[in-house]
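Given next are the chains, with one letter for each unit.
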Amino acid sequence: MNIEKVLVIGAGQMGSGIAQVAAQAGLQVYLYDIHRAAVTKGRQRIEKSLSKFVSKGKLREDEKEAILARIQDSTSLEDAAHCQCVIEAAVEKMEIKKKIFQEVDQWAPQEAILASNTSSLPITALASYTERPDRVIGMHFMNPVPVMRLVEIIRGLATSDETYDAIANLTEKMGKVAVSCKDIPGFISNRVLQVMINEAIWCYYEGAATADGIDSIMKLGMNHPMGPLELADLIGLDTVLAILEVLQEGYGDPKYRPCPLLRQYVQAGYLGRKTGRGFYNYEA
């Protein structure tokens, strides 16, 4: 299957990043969000990202403009009718994703593939809300999308070989590396990562060390490029909490129990970089 046009649903940090790498790969992209202002902000984020590549000599100015020209703003899911693939990158809540998949299933051509950038929710469940479960798949990009090479590809119970091959090829076209994973809670990346992040939050909660101390130990001692608390702030503490709750429900294991401090921060609106405050203060 030759994928030339893609609809990306969600113009936030992940969605705009996916739209950028798709356009860089030569694809025509519709960047959708329910609010026009969100789409505008997403486009500004893409332009800023591309400008960094230009300043580093990795991209020419004319190439940057050509990439931006391949991205079309959208506030209507009806644009799925023009695409061979839809990549959903909405908030990590099943009810929201369910509604999106049900609606886009009505607009996208029958042969189109519906992919989700979910970081933990079951692909088989998402597929069940459509009339094309064989053409639904997980396409989990890493953050920040323009930089990170991995895409975790998750096959649902009914996902066909044809769908997997098409998405694996699309991933490669975007300059990424596809790694296959079964449809288990949290997949592989977050099943491993979120336990580490949660344990770091417990250490901070118990006063074992400062946030900077915990992060420094992991960066200097384990050679991690970012500490777990820094990374949690980058991901978004609401997303971290949502993933841990999926893991706890999916496995019934207390080792996935979210730290009370994480819940408290989310309740307070301290969600990390996107709100200016998390384990660190970014308002300055």
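Keep in mind it's a predicted model, so treat the numbers as computed, not measured.

Things to note about the UniProt feature "binding site: NAD(+)" (unreviewed entry) in the protein
Then step 1. Here, UniProt's "binding site: NAD(+)" (unreviewed entry) annotation points to Gly-10, Ala-11, Gly-12, Gln-13, Met-14, Gly-15, Asp-33, Glu-92, Lys-97, Ser-119, Asn-143 and Lys-274. Of the residues named above, Glu-92 line the second largest pocket.
Then step 2. With a relative accessible area of 9%, Gly-10 lands in the buried category.
Then step 3. If we skip the residues at most four places from it in the chain, Gly-10 touches Gly-15, Ser-16, Leu-31, Tyr-32, Asp-33 and Ala-89.
Then step 4. With residues near it in sequence (within four places) discarded, Met-14 still touches Asn-117, Phe-141, Met-142, Asn-143 and Val-145.

Here's the deal with the UniProt feature "domain: 3-hydroxyacyl-CoA dehydrogenase C-terminal" (unreviewed entry) in the protein
Then step 1. In the numbering adopted here, UniProt assigns the feature "domain: 3-hydroxyacyl-CoA dehydrogenase C-terminal" (unreviewed entry) to residues 186-282.
Then step 2. Along residues 186-282, the helical share is 63% and the strand share 0%, with 28 Å between the first and last C-alpha atoms.

Some points on a positive patch on the surface
Then step 1. On the surface, a cluster of positive charge is made up of Lys-48, Lys-52, Lys-56 and Lys-58.
Then step 2. Note that Lys-58 resides in the loop between helix H2 (36-55) and helix H3 (61-69).
Then step 3. Lys-58 gets classed as exposed once you look at its relative accessible area, which sits at 60%.

Points about the packing of aromatic side chains
Then step 1. Within this structure, the stated rule accounts for five aromatic pairs.
Then step 2. Judged by centre distance (5.8 Å) and plane angle (85 degrees), the ring pair of Tyr-204 and Phe-279 falls under edge-to-face. Remark: Phe-279 occurs in the segment after helix H11 (260-268) and Tyr-204 occurs in helix H7 (residues 189-205); sequence separation between them is 75 residues.
Then step 3. Measuring from ring centre to ring centre gives 5.1 Å for Tyr-265 and Phe-279, while their planes differ by 35 degrees; the resulting arrangement is tilted. Here Phe-279 lies in the segment after H11 and Tyr-265 lies in helix H11, a separation of 14 residues in the sequence.
Then step 4. The exposure class of Tyr-265 is buried, given its relative accessible area of 15%.
Then step 5. A network of ring pairs unites the aromatic residues Tyr-204, Tyr-265, Tyr-270 and Phe-279 as a single cluster.
Then step 6. A cation over an aromatic ring shows up here: Arg-277 above the ring of Tyr-270, its NZ or CZ 4.3 Å from the ring centre.

Overview of the layout of surface pockets
Then step 1. By volume, the second largest pocket amounts to about 180 Å³.
Then step 2. A per-element tally of the lining of the second largest pocket places helix H10 (residues 237-251) first, with six residues.
Then step 3. Residues of the lining of the second largest pocket, tallied by class, amount to five nonpolar, one polar and five charged.
Then step 4. In this structure, the lining of the second largest pocket is formed jointly by two domains, domain 1 (5-182) and domain 2 (190-273), each of which donates at least three residues.

Things to note about the pattern of salt bridges
Then step 1. Using the criterion set out here, one finds 13 salt bridges in the structure.
Then step 2. As a salt-bridge pair, Lys-97 and Glu-92 come within 3.7 Å of each other at their nearest N and O atoms. This pair shows no difference in class: Lys-97 is buried, exactly as Glu-92 is.
Then step 3. Between Lys-219 and Glu-230 there is a salt bridge; the shortest N-O distance is 3.1 Å.

What counts, and where the lines are drawn
Residues numbered from 1 in each chain as written. Predicted model: local features only at pLDDT ≥ 70, side-chain atom pairs only at ≥ 80, totals over all residues. Heavy atoms only, no water. UniProt positions renumbered as here; feature names shortened; annotations may be inferred. 1 Å grid on protein atoms, 1.4 Å probe; cavity = no way out; pocket = protein on both sides within 12 Å on 5 of 7 lines; lining within 4 Å. Buried < 20%, exposed > 50% of the residue type's maximum accessible area, 1.4 Å probe, protein only. Contact = heavy atoms within 4.5 Å. Helix = DSSP H or I, 4+ residues; strand = E, 2+ residues; numbered from the N terminus. Patch = residues over 30% accessible without salt bridge, like charges linked within 9 Å, V, L, I, M, F, W, Y side chains within 5 Å. Areas by Shrake-Rupley, 256 points an atom, 1.4 Å probe, with all protein chains shown as cover. Salt bridge = Lys/Arg side-chain N within 4 Å of Asp/Glu carboxyl O. Lys, Arg positive; Asp, Glu negative; His and termini not counted. Charge placed at Lys NZ, Arg CZ, Asp CG, Glu CD. Phe/Tyr/Trp six-rings, centres within 6.5 Å; stacked < 30°, edge-to-face > 60°. Lys NZ or Arg CZ within 6 Å of the ring centre and 35° of its normal. Points joined across faces, edges and corners; volume = space filled by probe spheres on them. Nonpolar A, V, L, I, M, F, W, Y, C, P; charged D, E, K, R; others polar. Domains from an automatic or database assignment.

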